[in-house]
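Examination of the molecular architecture
What follows is the residue order along each chain.
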Amino acid sequence: MDRPAPSPPALDVHAHVWLDAVEELVAGQPGYRVNGRLELRRAGTESAAINAEQAALLRPLLTDVTERVAAMDAAGVQAQIVSIVPTQYHNWADRGLAAEIAAATNAGVAAHCAQRPDRLAGLGVVPLQHPDLAVAALEDAVLVHGLKGVELSSHAPGGVPVELSDRRLDALWQRGVELGAVFLLHPWGCTLDERLDRWYLANTVGQPVEHAVALSHLIFGGVLDRFPDLRLIAAHGGGYLPAFIGRADHAWRHRSDARSCAEEPSSYLRRLWFDSLVHTPDALRRLVETVGSERVVLGSDFPFDMGVTDPVARARTALGPDEAAAVMGGNAERLGLFPEVLAPQIT
C-alpha cells in the first residue's frame, strides 16, 4: 500500500524583525518627529507606553536569530518569512530618504535571514509614497537580495494619499507578477485617528478596518482584473472584509457606482491569500470556508502580544488534516515561499 505523501514543513508567513540601521537613518529627521506625534495621537498615551515596554521586552526575539529559531522550534515552525516591524515603513520620508530606507531595509532583512538560510526567508519594502521608485526597490529586494517579495502598508499618507488602487502602482504590480514576487499587506496606522486612542482600539479595530479598505481598493479599483496573477497575502486574516463580503456583493449588484470591477467582489477573495491569524477556531474555519483552504497560509505576528505563540497547534485544532496541512505549509510551498535551502527537501 502506498503511503501518503508527507506534509510539507510549517511555514509562518507573518513574522517580524527590527532593524537598527533603518532607525539610524531616520533619527533626528523632522518628519520622524512629526510622525511620532501622529502615532501618539492615534494610539493614546496608555497604549503608547505599553507598546514601548513591549518593544524593549521583545527586542531579543526581533533581532537575535538564535532566540528566534528557539521560539520557532518551540512552536513547531520549521521556517519563517521575516518582514520589518511596520513602524519602520516611514512612509512620510521624502524621495531621497525613502530610497535609502528601502535599500537599508532590503539589505537588513536579507542579512538577518542569511544567518539561518535553512529556516528563514524575507520580504523587503518599497517606498509606497513615491510610486515611481517602487519598481526599483522591488527589484532590489528580489533580484539583488534574494527576498521573496515585499511588505506593504494599506496606503501611504501625504497631501494626496497613495491608495493601493492608484494607477501609478500598476508598474509595481506588473513587475511583481513578472518576478513571481509576493506582497504581504500589513497595515500600520488607522486613519480613524483619535476615535481609536483608548483601549488599544487603534490595533483591535484599526488594523481590521485598514485591511478592509485596502483590499476593497484592490478589488473595486480593478487591480485584480488588470493583474489576475498578482500574489498578495493579507495579514490578520484580511481584517473585516472576508466576514462582510456579502455587503460588497450587494452594492456591486445594486449600485452603478460600485460596479467598477468585472465580477462580484466575493469572487476576488479566491485570487488572494490570507494568513491564519484570526485568533479563534471558529473564525479560522469561517475564513477557510469563505476563501478556500488553498488560500490560507500560516501566520503568527511573531513575536508580538497581538500574535500567537502556537499557530501550528491552532491550525490543527480548528481544521481537518488536509486543510491544516495546506494552511501550515502546502499553500506556502505553492507560492514558492520556503527558504531556498529548505525547498529541495520538500519536493
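Throughout what follows, the structure given in this document is the object of discussion. (Residues numbered from 1 in each chain as written. Predicted model: local features only at pLDDT ≥ 70, side-chain atom pairs only at ≥ 80, totals over all residues. Heavy atoms only, no water.)

**Some details on the overall build of the chain**
Of the regular secondary structure elements, the chain holds 15 helices and 11 strands. A globule of 347 residues ought to have a C-alpha radius of gyration of about 20 Å, and the chain, at 19 Å, matches this closely. Looking at the chain residue by residue over its 347 residues, the buried ones come to 52%. For the chain, contacts bridging at least 24 residues in sequence account for 75% of all contacts bridging at least 6. In the form shown here, the chain has an accessible surface area of approximately 15,400 Å², with 55% of it arising from carbon and sulfur atoms. (Helix = DSSP H or I, 4+ residues; strand = E, 2+ residues; numbered from the N terminus. Rg over C-alpha atoms; globule rule 2.2 N^0.38 Å. Buried < 20%, exposed > 50% of the residue type's maximum accessible area, 1.4 Å probe, protein only. Contact = heavy atoms within 4.5 Å. Areas by Shrake-Rupley, 256 points an atom, 1.4 Å probe, with all protein chains shown as cover.)

**Side note on the pairing of strand 5 (residues 149-152)**
Note: strand 4 (residues 124-125) against strand 5, 2 bridges, orientation parallel. Across the sheet, residue Val125 finds its bridge partner in strand 5, namely Glu151. Running through helix 6 (residues 131-144), the crossover from strand 4 to the neighbouring parallel element strand 5 is right-handed. Relative to strand 8 (residues 182-185), strand 5 runs parallel, the two sharing 4 bridges. When the sheet's bridge partners are listed, Val150 is paired in strand 8 with Phe183. (Pairing = 2+ DSSP bridges. Right-handed = clockwise from strand over helix to strand, strands pointing away.)

**What to know about the pairing of strand 2 (residues 79-84)**
For strand 2, the tally of buried residues reaches 6 of 6 residues, placing the bulk of the element in the interior. Both faces of strand 2 are covered, namely the face carrying Ala79, Ile81 and Ser83 and the face carrying Gln80, Val82 and Ile84. Bridging between strand 1 (residues 11-17) and strand 2 involves 5 bridges; their strand directions are parallel. The residue of strand 2 that forms the bridge with His16 is Ser83. Alignment of strand 2 against strand 3 (residues 120-122), held across 3 bridges, turns out to be parallel. Counted as the bridge partner of Val82 is Gly122 from strand 3.

**Concerning the sheet that holds strand 9 (residues 231-234)**
Spatially, 4-5-8-9-10-11 is the arrangement adopted by the 6 strands of the open sheet, whose pairing is parallel. If you trace the sheet from one side to the other, it starts and ends with strand 4 and strand 11 (296-297), each paired once. Sheet topology places strand 8 next to strand 9; 4 bridges connect them, and they run parallel. Residue Leu184 lies in a different strand from strand 9, and its bridge partner there is Ile233.

**Regarding the packing of helix 5 (residues 95-114) against helix 6**
Close contact between helix 5 and helix 6 brings their axes to 9 Å; oriented N to C, the two are set at 20°. One element, helix 5, and the other, helix 6, form an angle in the roughly parallel class. Crossing hand, helix 5 versus helix 6: right-handed. Contacts between helix 5 and helix 6 involve Arg95, Ala102, Ala103 and Asn106 from the former and Asp132, Leu133, Ala137, Asp140 and Ala141 from the latter. Tallied by class, residues from the contact of helix 5 with helix 6 come to 5 nonpolar, 1 polar and 3 charged. (Axes fitted to C-alpha atoms, helices over the stretch in contact; angles between N-to-C directions. Parallel < 35°, antiparallel > 145°, perpendicular 65-115°, else oblique. Left-handed = near helix turned anticlockwise from the far one by under 90°. Nonpolar A, V, L, I, M, F, W, Y, C, P; charged D, E, K, R; others polar.)

**Details of the pattern of salt bridges**
Scanning the entire structure with this criterion turns up 21 salt bridges. The residue Arg271 makes a salt bridge to Glu263 at a minimum N-O spacing of 3.0 Å. Because the salt bridges share partners, they merge into one network encompassing Arg41, Arg42, Asp193 and Glu194. (Salt bridge = Lys/Arg side-chain N within 4 Å of Asp/Glu carboxyl O.)

**Here's the deal with the packing of helix 12 (residues 281-291) against helix 13 (residues 311-318)**
With their axes 9 Å apart at the nearest point, helix 12 and helix 13 run at an angle of 70° to one another. One way to sum up the angle between helix 12 and helix 13 is to call them roughly perpendicular. Seen from helix 12, the contacting residues are Pro281, Leu284 and Arg285; seen from helix 13, they are Arg314, Ala315, Thr317 and Ala318.

**Things to note about helix 4 (residues 65-75)**
Considered for burial, the residues of helix 4 that qualify are Val65, Arg68, Val69, Met72 and Ala75. Seen from one end, helix 4 has its buried residues packed into an arc of 120°, which puts them on one side. Those residues of helix 4 that are exposed and aimed more than 90 degrees away from the buried face are Thr66 and Ala74. Structurally, helix 4 contributes buried residues whose contacts are with strand 1, helix 3 (45-63), strand 2, helix 5, strand 3 and helix 13. One side-chain oxygen of the residue at the start of helix 4 lies 2.8 Å from the amide nitrogen of Thr66, identifying that residue as Asp64. Directly after helix 4, the chain includes Gly76, whose backbone phi takes a positive value near 75°. (Arc of directions from axis to C-beta. Polar contact = N/O pair within 3.5 Å; in protein donor to acceptor, adjacent residues only side chain to side chain.)

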